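Summary of structural features
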Amino acid sequence: MRHTVDYFFAPQSPWTYLGHERFAALVRETGATVRVLPMDLGKIFPLSGGLPLPKRAPQRQAYRLLELRRFSEALGVPLNPEPRFFPVAGDPAARLITAVAMHDGADAAMKLTGAVTAAVWAQERDIADTGTLAALLAECGLDAARLGQSEQSDVQVRYDEQTQAAIDASVFGAPSYVIEGELFWGQDRLDFVARKLRT
């Protein structure tokens, strides 16, 4: 059976970065269809009880850094737990990925998502900067016009719809994978995603 995965994520999330390439490989292996759906966590957290990182308790912030190091080492994925450009606004990159998904399809959007997340967590680049986003488009071999298109109202409408779809699916964090209505939260749940996709 060929499954469809609704892939909800925030491009500034380190957990999205840590899971993205493994998820992409799993999709290729299983032939699953992916809907690439960046979402606005700033609209989801107030509804789900989540807190922005600076507002979390000190012990939670410290443990997050520990876990980022653990997963980076265990997965062999290079990551700076405290990169130069973080916290960073994710909306510009999310809209750009949305524009690419609309015009170029899921494969192109998946490629750009990988590049954007690596830019934050492995390359010390500012994904809220238009120059950085333009460079990432070029590095992915994508049309430079997508940057201007990402600022148009139809893309913002789609981005808002994706965020609402995440809310409707009871998503509360990034990344989340929804398969036939079943929610899997976090890159550390990809083993369960794999089981679902292989059935």
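Just above, that's the structure.
Let us look at the structure shown here. (Residues numbered from 1 in each chain as written. Predicted model: local features only at pLDDT ≥ 70, side-chain atom pairs only at ≥ 80, totals over all residues. Heavy atoms only, no water.)

1. Focus on the pairing of strand β4 (residues 182–185)
Walk down a regular strand and you will see the side chains alternate between the two sheet faces. Note: strand β3 (residues 176–179) against β4, 4 bridges, orientation antiparallel. Counted as the bridge partner of V178 is L183 from β4. Between β3 and β4, which follow one another and run antiparallel, lie 2 residues, and E180 among them has a positive phi close to 50 degrees. (Pairing = 2+ DSSP bridges. Helix = DSSP H or I, 4+ residues; strand = E, 2+ residues; numbered from the N terminus.)

2. Section: the nonpolar core
Within the largest apolar cluster, 44 residues are counted, with the highest numbers of intra-cluster contacts made by F23, L112, I127, Y177 and V193. If you list the elements that add at least two residues to this core, you get β1 (4–9), α1 (14–30), β2 (33–38), α4 (91–104), α5 (106–121), α6 (130–139), β3 and α9 (190–197). For this core, the element with the highest residue contribution is α5, accounting for 10 residues. When sequence neighbours within four positions are dropped, the list of residues in contact with L112 reads L96, I97, V100, L136, L137, C140 and L142. With 11 residues, the next largest nonpolar core counts A10, L37, I44 and V171 among its residues. (Core = buried A, V, L, I, M, F, W, Y, C linked by side-chain atoms within 4.5 Å. Buried < 20%, exposed > 50% of the residue type's maximum accessible area, 1.4 Å probe, protein only. Contact = heavy atoms within 4.5 Å.)

3. Concerning helix α2 (residues 41–48)
Inspection of α2 places L41, I44 and F45 among the buried residues, and these make up the whole buried set. Viewed along the axis of α2, the buried residues span an arc of 100 degrees, placing them on a single side of the element. Exposed residues lying more than 90 degrees from the buried face of α2 are G42, P46 and L47. Of the residues that open α2, the one with a side-chain oxygen 2.9 Å from the backbone nitrogen of G42 is D40. Positive phi appears at G49, one or two residues downstream of α2, with a value of about 90 degrees. (Arc of directions from axis to C-beta. Polar contact = N/O pair within 3.5 Å; in protein donor to acceptor, adjacent residues only side chain to side chain.)

4. Observations regarding the environment of L183
Turning to its location among the elements, L183 is positioned in strand β4. L183 gets classed as partly exposed once you look at its relative accessible area, which sits at 29%. For the pair L183 and Q12, spaced 171 residues apart in the sequence, the C-alpha separation amounts to 21 Å. Residues in contact with L183, not counting those within four places in the same chain, are A169, S170, V171, F172, S176, Y177 and V178.

5. A short note on the sheet that holds β4
Read across the open sheet, the 4 strands follow the order β2-β1-β3-β4; overall the sheet is mixed. Taken across any chain shown, the strands that pair with only one partner, and hence form the sheet edges, are β2 and β4. Across the sheet, the axes of successive neighbouring strands diverge by a mean angle of 20 degrees, strand direction being ignored. Sheet contacts for helix α8 (residues 153–168): β1 and β2; angle to β2, the most-contacted strand, approximately 105 degrees. (Axes fitted to C-alpha atoms, helices over the stretch in contact; angles between N-to-C directions.)

6. Regarding the pattern of salt bridges
Under the definition given, this model contains 10 salt bridges. For the salt bridge of R35 with D6, the shortest nitrogen-to-oxygen distance reads 2.6 Å. With R35 in strand β2 and D6 in strand β1, this residue pair connects regions lying 29 residues apart in the sequence. (Salt bridge = Lys/Arg side-chain N within 4 Å of Asp/Glu carboxyl O.)

The values are spatial; any link to function lies outside them.
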